[in-house]
Amino acid sequence: MTPYARRGVHGQTVEALARRILGGEIPEGATLDLVALQSELDVSLTALRESLKVLAAKGMVDARQKRGTFVRNRSDWNLLDADVLRWQFHSDRTTDADRALLRNLAEVRSIIEPAAVRLAAERRTDADLAALDAAVDAMGAGGSDAAHAVEADLAFHRALLAATHNELLERMEMVIESGLAHRDRIVHSSPHSQDPVPAHRAVLAAVRAQDPHAAEAAMRALLDQAGRDLDRVGGSDNDMERPSGQ
């Protein structure tokens with residue numbers, strides 16, 4: 001799940017096509033008119049075909065004789081791919097589809113992170129603690145800078161997954177990160193969110209004390225606060241499961 005390197009015309013073409021598909025502008029099952037797309041996107045046919053290869057690798061499109069290149073069913077898309085997640089959160093506007101995806105990611109995180117933090121509490125090293133300390137310190141030093149708060153939050157959760165010393169859990173950051181960043185941008189741009197530092201410090205304290213039970217409880221409390229923050233700024237529906245974040 002290595003993220004796609006967004007460079008030049010090729011990268012712009014990949015993202016333009018991906019967002020049209022994910023947004024439903026090009027629906028599932030549709031056959032692509034490559035000549036029309038080439039003209040519309042102002043790219044060479046070679047560049048267009050190379051871009052479609054990237055999307056094919058992510059399960060979004062396929063090509064068959066007599067049918068041409070077409071959009072595959074959503075059930076075939078690699079929705080856990082970091083780029084596919086990022087492309088779905090491509091704007092500052094939160095759509096119904098975004099909220100549904102945030103809900104799904106929240107449920108995934110509510111399963112993964114409380115269990116991961118237990119391992120982190122048992123396995124953390126001094127280097128892990130230093131990374132967590134740095135992230136929390138950065139979170140506290142950011143003030144009202146939303147972009148800084150988002151990056152500090154991402155750094156904290158990356159460091160927590162890394163502290164499990166489980167390669168597969170560490171890779172889960174690529175699944176979690178896009179949804180977390182999108183949720184953070186909504187919350188940290190609002191004056192109504194709670195200070196995230198105390199909840200993160202509670203998690204860090206339990207990890208430092210190598211207390212897995214306390215670490216899990218602190219993580220669940222953090223996720224609950226994150227959900228309340230998102231509800232407070234109007235980022236989720238009342239009947240949704242509370243999205244995680246922070």
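In the block above lies the structure referred to throughout.
Description of the structure in this document.

About the cut-offs
The written sequence of each chain sets the order in which its residues are numbered from 1. Restriction of local features to residues with pLDDT of at least 70 applies here, the model being predicted, together with a cutoff of 80 or more for giving and counting side-chain atom pairs; totals for whole chains, interfaces and linings are based on all residues. Think of the side-chain values as coming from all heavy atoms in the structure, minus any hydrogens and water. The helix and strand labels rest on DSSP assignments: H or I over at least four residues marks a helix, E over at least two residues marks a strand, and numbering proceeds from the N terminus. Remark: exposure states derive from per-residue accessible area (1.4 Å probe, protein chains only) relative to the maximum for the residue type, with buried under 20%, exposed over 50%, and partly exposed in between. Residues are treated as being in contact if the distance between any of their heavy atoms lies within 4.5 Å. Accessible surface area values rest on a Shrake-Rupley calculation with a 1.4 Å probe, where residue burial reflects the displayed protein chains alone. At least two DSSP bridges between two strands are needed for those strands to be called paired. Points on a 1 Å grid over protein atoms alone make up a cavity when a 1.4 Å probe fits among them but cannot get out, and a pocket when they form an open set with protein on both sides within 12 Å along at least five of seven lines; lining residues each have an atom within 4 Å of a point. Grid points are joined across faces, edges and corners, and a volume is the space filled by probe spheres set on the points. Polar here means any residue outside two lists: the nonpolar Ala, Val, Leu, Ile, Met, Phe, Trp, Tyr, Cys and Pro, and the charged Asp, Glu, Lys and Arg; Gly therefore counts as polar.

### Considerations on the overall build of the protein chain
Piece 1. For the protein chain, the count of helices and strands is eleven helices and two strands.
Piece 2. Secondary structure elements in the protein chain, listed N-terminal to C-terminal, are α-α-α-β-β-α-α-α-α-α-α-α-α.
Piece 3. Here the protein chain, with 246 residues, has 46% of them falling under the buried criterion.
Piece 4. Considering only contacts within the protein chain whose residues lie at least 6 apart along the sequence, 69% involve residues at least 24 apart.
Piece 5. On the protein chain, roughly 12100 Å² of surface is accessible, and the fraction owed to carbon and sulfur atoms is 49%.

### Focus on the pairing of strand β2 (residues 68-71)
Piece 1. Note that strand β1 (residues 61-64) and β2 share four bridges and pair antiparallel. Across the sheet, A63 pairs through a bridge with T69, a residue of β2.

### Observations regarding empty space enclosed by the protein
Piece 1. The tally for this structure, following the rule as stated, stands at three cavities of 30 Å³ or more.
Piece 2. Taken as a whole, the largest cavity encloses approximately 50 Å³ of empty space.
Piece 3. Around the largest cavity sit L154, H157, R158, L161, E173, I176, E177 and L180, which together line it.
Piece 4. Contributing elements (two or more residues each) for the lining of the largest cavity: α7 (146-162) and α9 (173-188).
Piece 5. Its residues placed into classes, the lining of the largest cavity shows four nonpolar, one polar and three charged.

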